[in-house]
Amino acid sequence: MINPLVDSNKTETTIPQQLPLLPLRDLVIFPHMAFPVFVGRPFSIKAVEEAVEHTDRYIFLTLQKEKDIEEPTEEDIYHIGTVAQIMKVLRIDDEKLKIIVHGVARGRIKKLEKENGYYKVDVEILEEEPIEIDEIELKALKQAVIDLVEKAISYGNTNMMPDLLEMLKSTNDPGKLADLVASMLNLKSEEAQEILEILNPVERLRKVYNLLLKEVSFLETKHKIEIAAREAMEKDQREYFLRQQIKAIQEELGEKDDRQEEIEQYKKKIEEAQMPPEVKEEAEKQLKRLGKMHPDSAEAGVIRTYLDWLVELPWNKRTKDKLDLKRAKKILDKDHYDLEKVKDRILEYLAVQKLKKGKEIKGPILCFVGPPGVGKTSLGKSIAKALGRKFVRQSLGGVRDEAEIRGHRRTYVGALPGRIIQGIKQAGTKNPVFMLDEVDKLSSDFRGDPASALLEVLDPEQNKEFVDLYLSVPFDLSEVMFICTANRVDTIPRPLLDRMEIIRIPGYSEEEKLHIAKKYLIPRQLKETGLSPKYVEFTDAGLKYLIRHYTREAGVRSLERQINAVLRKIAKDMALSGKKKKYRITKSLVKKLLGAPLYLPEKEKKDEIGIVNGLAWTEVGGEILKIEATRMPGKGQLILTGSLGDVMKESAMTALSYIKSRAKDYKINPKDFQKYDIHVHVPAGAIPKDGPSAGISIATAITSLFTQLPVRSDVAMTGEITLRGKVLPVGGLKEKILAAKRAGINTVILPKENKDEVMEDLPPFTRKNIQLEFVEHVDEVFKKAIKGFENLLEKKEK
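A quick note: this is a predicted structure, and the numbers were derived from the prediction, not measured.

A. Structural view of the packing of aromatic side chains. For the structure shown, the criterion picks out 9 aromatic pairs. Three or more aromatic residues link up through ring pairs in this structure, and these residues are Tyr666, Phe782 and Phe789. Note that Lys65 overlies the ring of Tyr78, its terminal NZ or CZ placed 5.7 Å from the centroid. When the ring centre of Tyr676 is taken as reference, the NZ or CZ atom of Arg631 above it lies at 4.3 Å.

Put into structure tokens, the structure is as follows:
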């Protein structure tokens, strides 16, 4: 503790000009103050002894710049320090002294030297600068400093004793006041040295005032925090005692408090939930925490929500599968037409379960891929119905946050489990049919990649211990039958696609749509519009006209809307007339009710040079893809237009290279390729197009152009071409053949390698009235599609 003493009566004339030097490591001694100093270094002990014996106990004290330096040089110490008088010397042991020094005056080192084992300095005593402010301002500054010291004492500053206040009030010298207060502050050694070096007493007092103001502000804030903490603690203690008293009173009256009742309810629910051991342990741990908390605290609310999720999840609840295969087939056939592959897969699953006789079997992870409106989502409901399981559906279209799958950590406000756990809770059993709709439309951004999070969910080897970030305990998803739906597979990441069993659901033919409309759509829409079947009859011709001219889709959504539109108009007519009569929906009545046809046949009316009917697959089914080619005088440049992708452009280049290589065989003058520019265009230029399947169509158009032979308008084709003229297999053939049939095409040319696939997937009635030609080489394509091409080859042979 600092002990201020009255200033010594020594004047500067009594202070020797040469004094022993005592460098201090992290301490600054101000004039007018007494302070204990521990001395341990040999040269410092020697300096103290020299001061006591030869310099009337005067010694020069200065601060080292770096306290770790054992043997400081002149550059390692500050040159301004304090001349002090040693008041008392105590020897602690042979190697350590304790001295009490009293600061006398400021001084500056003029010369430093080391002799006889200690440092000796020539000292210049520093006089204070004159005071240049008026007396009132000085008085106000001194009073402000004294007020702050008084406030610091009231806040419990241990360096400032109350009896110091009277001494400070009696001090008229502003420099002395500054030194006294500075020695009481908790200053860094560099800050204290800065004050020591200020020779202007008013400026020094201002500096001390600013530092004192900071310390008082800190003490004031600390005091407020201590008071708030004390009050909160007193309030908690008071509430605790009151609660204990209430508890005692309720026990006397035989009543239970709400909180205890809540804890007991949770205990009961935890037991009934039949949780796995590790989950039960976590639930009991959180319940124990809840019991120790204030019931109205925010954390207690978070724990309650967490416990609610844990006890409401179906940890051991499951529905028993109905293993009657005939019943399941009957339900699937009743709800959906065709789709034999899907139905067979479900029946296979039931058969395996029946043979395993209740032993554990992993739920299949299926992915239905097909155009919109073919019944992918409704098929999931039928599967759940056939199995006797609960059905839950989650749409993933546009989901871009990983937490939507894995859940949010409980540290976030409003955190919830992910969609998987939410769906399981909604189902109420651990083995529902869980449909993940539109899995091909997942996105990703800075919040993570939901598709990557699904890898764990859809992996039978990993989902047995799926950990939702909110729950932080494993949940067994291995018994869930996951069914994903998608319109296309190219946007699904490969690792995710690898975990799913792909089942393709192609678009419907006109005959299939007719059957679906009669068996499913019309009865459903009659019920929706409130009409009786005895007053409405759709003829086959009327339905076919509706399908051909008012819809263009692979599925039946648009067809159902148009049927609904027809029935609404009949309902309106019936309501206005007030009469119930029989309405027979014929081709003419459809046109009358729905107006002009929306779609007209795409078939070319005549055979033309350079125009070919290509076939394309789209997300909504097959389409006729017109390929147009023309030539004009130029330098042999190939121009490609119609928003074509790189693969399609390369197919065009391959086709042209092949035709150039066979020019003589096809009776084409090779110089024509240098004389003309070739322009290949695919109409509907705003729609991007890509893929290799237009290769033989482009080759046919260019060959027709240079041989000047027309292409048959009743022929359509699809297939990839190589530089050797081979025709390679392509995909989406059912949709493409149906598109050709819709357009009134008689002949479709296809790669021979696709023959088995087409014959297996395409129902016999779909192949009716259309001729399928399977080819291996592009020459066969030219013979079948280009009029007179066969004669051209025969002339060459002759």
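So much for the structure itself; the text now carries on.
B. How the structure looks around helix H20 (residues 587-594). Of all the residues in H20, the buried ones are Leu589, Val590 and Leu594. Seen end-on, H20 carries its buried residues on one side only, within an arc spanning 110°. What points out from H20, more than 90 degrees from its buried face, is the exposed set Ser588 and Lys592. Those residues of H20 that are buried lie in contact with helix H18 (540-550), helix H19 (557-577) and strand E16 (583-585). Positive backbone phi, approximately 85°, marks Gly595, located one or two places after H20.

C. Layout of the pattern of salt bridges. For the structure on display, the rule yields 42 salt bridges. Close ionic contact of Glu124 with Arg108 constitutes a salt bridge, the shortest N to O distance being 3.5 Å. Of this pair, Glu124 sits in strand E7 (residues 118-125) while Arg108 is found in strand E6 (residues 96-115), placing the two residues 16 residues apart along the sequence. The closest approach of N and O atoms between Arg524 and Glu560, which form a salt bridge, is 2.9 Å. Taken as a pair, Arg524 in helix H17 (residues 510-529) and Glu560 in helix H19 lie far apart in primary sequence, 36 residues in all. Overall, Arg524 belongs to the partly exposed group, its relative accessible area being 43%. For Glu560, a relative accessible area of 17% puts it in the buried group. It is possible to trace a salt-bridge network through shared partners that takes in Arg318, Lys430, Lys464, Asp476 and Glu479.

The rules behind these values
- Residues numbered from 1 in each chain as written.
- Predicted model: local features only at pLDDT ≥ 70, side-chain atom pairs only at ≥ 80, totals over all residues.
- Heavy atoms only, no water.
- Phe/Tyr/Trp six-rings, centres within 6.5 Å; stacked < 30°, edge-to-face > 60°.
- Lys NZ or Arg CZ within 6 Å of the ring centre and 35° of its normal.
- Buried < 20%, exposed > 50% of the residue type's maximum accessible area, 1.4 Å probe, protein only.
- Helix = DSSP H or I, 4+ residues; strand = E, 2+ residues; numbered from the N terminus.
- Arc of directions from axis to C-beta.
- Contact = heavy atoms within 4.5 Å.
- Salt bridge = Lys/Arg side-chain N within 4 Å of Asp/Glu carboxyl O.

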